[in-house]
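Observations on chain architecture
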Amino acid sequence: HDATPVYLGVTLDRTLSYKQHLTKTSAKIKTRNNLLQKLTGTSWGASAHTLRSSAMALCWSVAEYCAPVWSRSPHTGLIDPRLNDAMRIITGSLRPTPLAWLPVLANIPPPTIRREALAASFAASIVDREELPLHVDLAHHPPLRLTSRNPIWQSPHDVDINLKWREKWEANPPTGAYLIDDPTSQVPGFDLPRREWVSLNRSRTGVGRCFHNLHKWGYSDSPSCKCEALQTVAHIVNDCPLSRFEGGLTALHTASTSAVDWLRRDHCIR
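For every chain, the first residue of its written sequence is number 1, and the numbers climb from 1 along that sequence. Only residues with pLDDT of 70 or above have their local features reported here, since the model is predicted, and side-chain atom pairs are shown and tallied only from 80 upward, although totals for entire chains, interfaces and linings are computed over all residues. Values reported for side chains reflect all heavy atoms of the structure, with hydrogen atoms and water molecules removed beforehand.

We count a stretch as a helix when DSSP gives it H or I for four or more residues in a row; a strand needs E for two or more, and each element gets its number in order from the N terminus. Secondary structure assignment for the chain yields 13 helices and two strands. The cut-offs for exposure are 20% and 50% of the maximum accessible area for each residue type, with area from a 1.4 Å probe on protein chains only; residues under the lower value are buried, those over the upper are exposed, and the others partly exposed. Out of the 270 residues belonging to the chain, those deemed buried represent 45%. Contact criterion: two residues are considered in contact whenever any of their non-hydrogen atoms come within 4.5 Å of each other. Intrachain contacts of the chain at a sequence separation of at least 6 include 61% that bridge at least 24 residues. Per-residue and other accessible areas were derived by the Shrake-Rupley procedure at a 1.4 Å probe size, with only the shown protein chains allowed to occlude residues. For the chain, the exposed surface amounts to about 14400 Å²; the carbon and sulfur share of it is 53%.

Right, dumping it as structure tokens:
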């Protein structure tokens, strides 16, 4: 029989690389991202809270199904880009936005860290229950035959998601990271209307439709602002005499009433 077996919804290929299973899962998440996209546009749609809840129910529920089984597969890279797309939908971020920003703005821990925590929790539950058949395999595991393998008993049995997330953020901070005191905390503005929420996030990350970026992407003949300086997002918010916000990006990040009013007046960063 040449058919690849499926057990409890997990496709088991003969080498247990889980490539087929993760390919199918990636396709499912893509379809659900399309549904999520229907809830919103650049300037209209559901709130960030609604989109985040919908994404967790539609996309993450599929992406993390039986994650402790396949989380050490070399093919998990098939899943993460789809989850990044979901976070872009939630936050309104453009594709060039540094990936480190997406979990922070969406207030969802990075996929790799969530999977590591799920695997650790599963392993710990098995080790603590001696009556389970798997207990012997994890507590007194067999010797490792192939050095390329990374079995679950090599995973830590206690993972602090927030600590791991902070370490990951601090190890490779993106442009604008100075705005964030704690990457695990929800950023200000989660309750804003879609248009202002998107504009605020593009201001934070420095990746918006300013003339510098549009010129770089081939959509504008000139990267210059009306004031004749190079028009970056930072220039629009911090320096431009025609558009700057009092207090600059640091003040804009707080999503205060005056910040929201400025976002509603300014259309350069959308």
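Below, the discussion takes up helix α1 (residues 19-37). Here α1 is 19 residues long and its end C-alpha atoms lie 27 Å apart, about the 27 Å a rise of 1.5 Å per residue gives. Taken as a whole, α1 has its buried residues at His21, Leu22, Thr25, Ser26, Ile29, Asn33 and Leu36. Mapping the buried residues of α1 onto a view down its axis gives an arc of 130°, with all of them on the same face. Looking at the buried side of α1, the elements it contacts are β2 (10-11), α2 (48-63), α3 (67-70) and α4 (80-91). Expected span of a helix: the number of residues minus one, times 1.5 Å. To obtain the arc, one takes the directions from the helix axis to the C-beta atoms.

Structurally, glycine 41 can be placed in the loop between α1 and α2. Using a relative accessible area of 14% as the deciding quantity, one classes glycine 41 as buried. Through-space distance from the C-alpha of glycine 41 to that of arginine 194 is 8.0 Å; in sequence the pair is 153 residues apart.

This paragraph deals with the pattern of salt bridges. Here, a salt bridge means any Lys or Arg side-chain nitrogen found within 4 Å of an Asp or Glu carboxyl oxygen. Applying the stated criterion to the full structure yields seven salt bridges. The partner of glutamate 64 in a salt bridge is arginine 114, with the nearest N and O atoms 2.5 Å apart. Here arginine 114 lies in helix α6 (residues 111-127) and glutamate 64 lies in the loop between α2 and α3, a separation of 50 residues in the sequence. Here glutamate 64 falls in the buried class, since its relative accessible area comes to 15%. Residue arginine 264 is joined to glutamate 196 by a salt bridge in which the shortest nitrogen-to-oxygen separation is 3.4 Å. Linking arginine 264 in helix α13 (residues 257-265) with glutamate 196 in helix α9 (residues 194-205), this pair joins segments that are 68 residues apart in sequence. By relative accessible area, which is 43% here, arginine 264 ends up partly exposed. Here the residues in one salt-bridge network are Asp85, Arg88 and Arg95, joined through shared partners.

Another aspect to go through is the nonpolar core. In plain words, nonpolar cores are sets of buried Ala, Val, Leu, Ile, Met, Phe, Trp, Tyr and Cys residues tied together by side-chain atoms within 4.5 Å. Ranked by size, the top nonpolar core spans 27 residues in total, and within it Val104, Ile180, Val187, Val237, Leu252 and Trp262 carry the most contacts. For this core, the elements supplying multiple residues, two or more each, are α5 (101-106), α8 (161-171), α9, α11 (233-239), α12 (248-252) and α13. Counting residues per element, this core draws most heavily on α13, which supplies four residues. Look past the residues within four positions of leucine 252 in its chain and what remains in contact with it is Leu200, Ser203, Val237, Phe245, Ala259, Trp262 and Leu263. Core analysis: the second largest hydrophobic core is formed by 23 residues, Val10, Ile89, Ile90 and Leu102 among them.

What follows deals with the packing of α4 against α9. At a minimum axis separation of 9 Å, α4 and α9 run at an interaxial angle of 120°. Viewed along their axes, α4 and α9 adopt a mutual orientation that is oblique. From α4, Ile89, Ile90 and Thr91 reach across to α9, where they touch Arg194, Trp197, Val198 and Asn201. Axis definition: a line fit to C-alpha positions, over the contact stretch in the case of helices; interaxial angles, taken between N-to-C directions, run 0 to 180 degrees. When describing relative orientation, an angle under 35 degrees is termed roughly parallel and one over 145 degrees roughly antiparallel, while 65 to 115 degrees is termed roughly perpendicular and anything else oblique.

With that settled, the discussion passes to a nonpolar patch on the surface. A contiguous nonpolar patch, built from Tyr7, Leu8 and Tyr65 and spanning about 370 Å² of accessible area, is present on the exposed surface. Its location among the elements puts leucine 8 in the loop between β1 (6-7) and β2. Nonpolar side chains (Val, Leu, Ile, Met, Phe, Trp, Tyr) are joined into patches within 5 Å and like charges within 9 Å, using only residues with over 30% relative accessible area and no salt bridge.

Turning to its location among the elements, serine 203 is positioned in helix α9. Residue classification places serine 203 among the buried positions, given a relative accessible area of 1%. A distance of 2.9 Å separates a polar atom in the side chain of serine 203 from the backbone oxygen of serine 199. Polar contacts, as used here, are pairs of N or O atoms within 3.5 Å; protein pairs need one atom able to donate a hydrogen and one able to accept it. Residues neighboring in sequence count only if both atoms are side-chain atoms.

Here the chain averages 87 in pLDDT, while 89% of its residues score no lower than 70. By definition, pLDDT measures how confident the predictor is in each residue, and it falls between 0 and 100. Mean pLDDT in the chain bottoms out at helix α7 (residues 134-139), which sits at 68, and peaks at α5, which reaches 97.

Now for unusual backbone geometry. A positive phi angle is found at cysteine 66, which is not glycine, with a value near 55°. Summarising the element assignment, cysteine 66 is placed in the loop between α2 and α3. The backbone phi angle of glutamate 228 is positive, close to 80°, even though this residue is not glycine. In this fold, glutamate 228 is placed in the loop between α10 (211-216) and α11. Since its relative accessible area comes to 69%, glutamate 228 is described here as exposed.

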